[in-house]
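# Descriptive structure summary
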Amino acid sequence: MSSVSEEKMTFPPLKNDRLLRAARGEEVDKIPIWIMRQAGRYLPEFRELRSKHDFFTICQTPELAAEITLQPIRRFNLDASIIFSDILVIPQALGMVVEMKPAVGPVLPEPLVIPEDIKKLKTSVDVYKELNYVFEAITLTRHKLEGKVPLIGFSGAPWTLMSYMIEGGGSKTMSKSKHWLYKYPEESKKLLEILTNVIVDYPTR
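Residues numbered from 1 in each chain as written. Predicted model: local features only at pLDDT ≥ 70, side-chain atom pairs only at ≥ 80, totals over all residues. Heavy atoms only, no water.

## Re the UniProt feature "domain: Uroporphyrinogen decarboxylase (URO-D)" (unreviewed entry) in the protein
When the UniProt feature table is mapped to this numbering, "domain: Uroporphyrinogen decarboxylase (URO-D)" (unreviewed entry) covers residues 32-41 and 152-168. Regarding residues 32-41, the helix share stands at 0% and the strand share at 0%, and the terminal C-alpha atoms are separated by 23 Å. Helix makes up 59% of residues 152-168 and strand 6%, and the two end C-alpha atoms of the span are 27 Å apart. (UniProt positions renumbered as here; feature names shortened; annotations may be inferred. Helix = DSSP H or I, 4+ residues; strand = E, 2+ residues; numbered from the N terminus.)

## Quick word on the pattern of salt bridges
Enumeration according to the criterion identifies ten salt bridges in this entry. In this structure, lysine 101 and glutamate 99 form a salt bridge, with 3.2 Å as the shortest nitrogen-oxygen distance. Accessibility expressed as a relative area gives 30% for glutamate 99, which makes it partly exposed. Shared partners join several salt bridges into a network, and the residues in it are Arg18, Asp29 and Asp79. (Salt bridge = Lys/Arg side-chain N within 4 Å of Asp/Glu carboxyl O. Buried < 20%, exposed > 50% of the residue type's maximum accessible area, 1.4 Å probe, protein only.)

## Focus on the environment of arginine 47
In this structure, arginine 47 sits in helix α3 (residues 44-50). Linking arginine 47 and serine 85, residues 38 residues apart in sequence, is a C-alpha distance of 16 Å. Residues within four places of arginine 47 in sequence aside, it is in contact with Arg41 and Tyr42. (Contact = heavy atoms within 4.5 Å.)

## A closer look at the packing of aromatic side chains
The description of an aromatic ring pair uses the distance of the two centres, along with the angle that the planes make with each other. According to the stated counting rule, one finds seven aromatic pairs in the structure shown. Here the aromatic rings of tyrosine 128 and phenylalanine 135 are separated by 5.5 Å at their centres, their planes lie at 10 degrees, and the arrangement is stacked. Its relative accessible area of 10% is what places phenylalanine 135 among the buried residues. Ring centres 5.9 Å apart and planes at 55 degrees place the aromatic pair phenylalanine 135 and tyrosine 202 in the tilted group. Pair noted here: phenylalanine 135 is in helix α8 (residues 132-145) and tyrosine 202 is in the segment after α11 (185-201), with a separation of 67 residues, a long-range link. For tyrosine 202, a relative accessible area of 7% translates into the label buried. Taken together, the ring pairs in this structure connect Phe46, Phe55, Phe56 and Phe84 into an aromatic cluster. Cation over ring: arginine 142 sits above phenylalanine 11, and NZ or CZ is 3.7 Å from the ring centre. (Phe/Tyr/Trp six-rings, centres within 6.5 Å; stacked < 30°, edge-to-face > 60°. Lys NZ or Arg CZ within 6 Å of the ring centre and 35° of its normal.)

## A look at the environment of leucine 78
On the secondary structure map, leucine 78 appears in the loop between α5 (62-75) and β1 (81-82). Taking the C-alpha atoms as reference, leucine 78 lies 5.7 Å from tryptophan 34; in sequence the two are 44 residues apart. What leucine 78 contacts, discounting residues up to four positions off in sequence, is Asn16, Ile33, Trp34, Ile35, Gln38, Pro72, Ile73 and Val149.

## What to know about a nonpolar patch on the surface
Nonpolar side chains collect at one region of the surface, where Ile33, Ile35, Tyr42 and Phe76 lie side by side and expose about 350 Å² of accessible area between them. Structurally, isoleucine 33 is set in the loop between α2 (18-23) and α3. (Patch = residues over 30% accessible without salt bridge, like charges linked within 9 Å, V, L, I, M, F, W, Y side chains within 5 Å. Areas by Shrake-Rupley, 256 points an atom, 1.4 Å probe, with all protein chains shown as cover.)

Now the structure itself:
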């Protein structure tokens, strides 16, 4: 590893580890606080930035993702930050198109309809190359946090991602995905394995 890379990965000392201690089952002085969807529409600065950029453009631009991640930390005395990203970056890394539609949410315009569609996916994914923007955003954000609080990362589970990829978006019943499980059990297992392999590699980078 070069000296530049070593410097880049040397982060400021953590000043507030309350959330980490609670996660380990250790005693804390008070219950740690972080909020689901911590950066979002309730913040005017988020709405202003979002009005200028597409959702996935923000996810794929480390500086913008870092800025949105930091916005609630500047306003509130929270015990953790959570990186601005989306679980559907993994289907994108596999070669699927994912769009964020206003008032609708995520849409995959070309979902998997039959098992043969699995062949359209990248079965071998270089996670560090395809999702490098996430790692860059995490690195940048950790530096900008200056050790104030920990940074949480996340990933979607295989079944959740499989459902989005087959349904073409969010679904309350997941009827198409369930149909796959019953009608195409082996192909469903193959798809879940593809997703699992990427998910396992994703957090280790």
